[in-house]
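Residues per chain are reported as follows:
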Amino acid sequence: MSEQIRFDLSGSWFDYDVENIATGDQLLANTPEWRGNAAATFTGRGGLDLGVNYRFSSGFPWAAGVFTGEIEPGHTLDANAGY
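Residues numbered from 1 in each chain as written. Predicted model: local features only at pLDDT ≥ 70, side-chain atom pairs only at ≥ 80, totals over all residues. Heavy atoms only, no water.

A. Region of interest: the overall build of the chain. In terms of helices and strands, the chain carries 0 helices and 6 strands. Listed by position from the N terminus, the elements making up the chain come as β-β-β-β-β-β. Scaling as 2.2 N^0.38, a compact globule of 83 residues should have a C-alpha radius of gyration of about 12 Å, whereas the chain reaches 20 Å, well beyond that. Taken along its principal axes, the extent of the C-alpha atoms in the chain is 65 × 20 × 15 Å. Evaluated residue by residue, the chain yields a buried proportion of 12% over its 83 residues. Within the chain, counting contacts between residues at least 6 apart in sequence, those at least 24 apart form 49% of the total. Per element, the accessible surface of the chain, about 6600 Å² overall, is 55% carbon and sulfur. Counting 4 positive and 11 negative side-chain charges, the chain places the centres of these two groups 17 Å from one another. (Helix = DSSP H or I, 4+ residues; strand = E, 2+ residues; numbered from the N terminus. Rg over C-alpha atoms; globule rule 2.2 N^0.38 Å. Buried < 20%, exposed > 50% of the residue type's maximum accessible area, 1.4 Å probe, protein only. Contact = heavy atoms within 4.5 Å. Areas by Shrake-Rupley, 256 points an atom, 1.4 Å probe, with all protein chains shown as cover. Lys, Arg positive; Asp, Glu negative; His and termini not counted. Charge placed at Lys NZ, Arg CZ, Asp CG, Glu CD.)

Structure (structure tokens):
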């Protein structure tokens, strides 16, 4: 049995530009411009498993009908261990 270390990275960038919107209308994507994820896992001898995962999302404006607001940037860090 061998030890194994694994790294994973992912990300996305969303950009848009809508032209010719009627005066007073608001058209939003309701999604962040930037998102990312980074993870590392370790599988050791004898059944030991360790992992850490970090997720990021940039803030963005949000609208649904008459309801509008600002979604704040988000960060999440998860860790796990198992045997």
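B. Local environment of a negative patch on the surface. Where like charges cluster on the molecular surface, the negative patch consists of Asp15, Asp17, Glu19 and Glu33. Its location among the elements puts aspartate 17 in the loop between strand 1 (4–13) and strand 2 (34–43). Judged by its relative accessible area of 64%, aspartate 17 falls in the exposed class. (Patch = residues over 30% accessible without salt bridge, like charges linked within 9 Å, V, L, I, M, F, W, Y side chains within 5 Å. Salt bridge = Lys/Arg side-chain N within 4 Å of Asp/Glu carboxyl O.)

C. Spatial organisation of the pattern of salt bridges. Enumeration over the complete set of coordinates arrives at 2 salt bridges. Among the ionic pairs, aspartate 8 bridges to arginine 6, the shortest N-O distance being 3.0 Å. Since its relative accessible area comes to 28%, aspartate 8 is described here as partly exposed. A salt bridge links aspartate 78 to arginine 55; the nearest nitrogen and oxygen atoms lie 2.9 Å apart. A residue pair is termed long-range when its members are at least 10 positions apart, and aspartate 78 in strand 6 (residues 74–82) and arginine 55 in strand 3 (residues 49–57) qualify at 23 residues. Judged by relative accessible area, arginine 55 falls into the partly exposed class, the value being 36%.

D. Looking closely at the environment of arginine 6. Mapped onto the fold, arginine 6 is located in strand 1. Sequence spacing of arginine 6 and tyrosine 83 is 77 residues, and the spatial spacing of their C-alpha atoms is 18 Å. Beyond its immediate sequence surroundings of up to four residues, arginine 6 is in contact with Ala39, Ala40 and Thr41. In terms of polar contacts, arginine 6 uses its side chain to reach the side chain of aspartate 8, at 3.0 Å. (Polar contact = N/O pair within 3.5 Å; in protein donor to acceptor, adjacent residues only side chain to side chain.)

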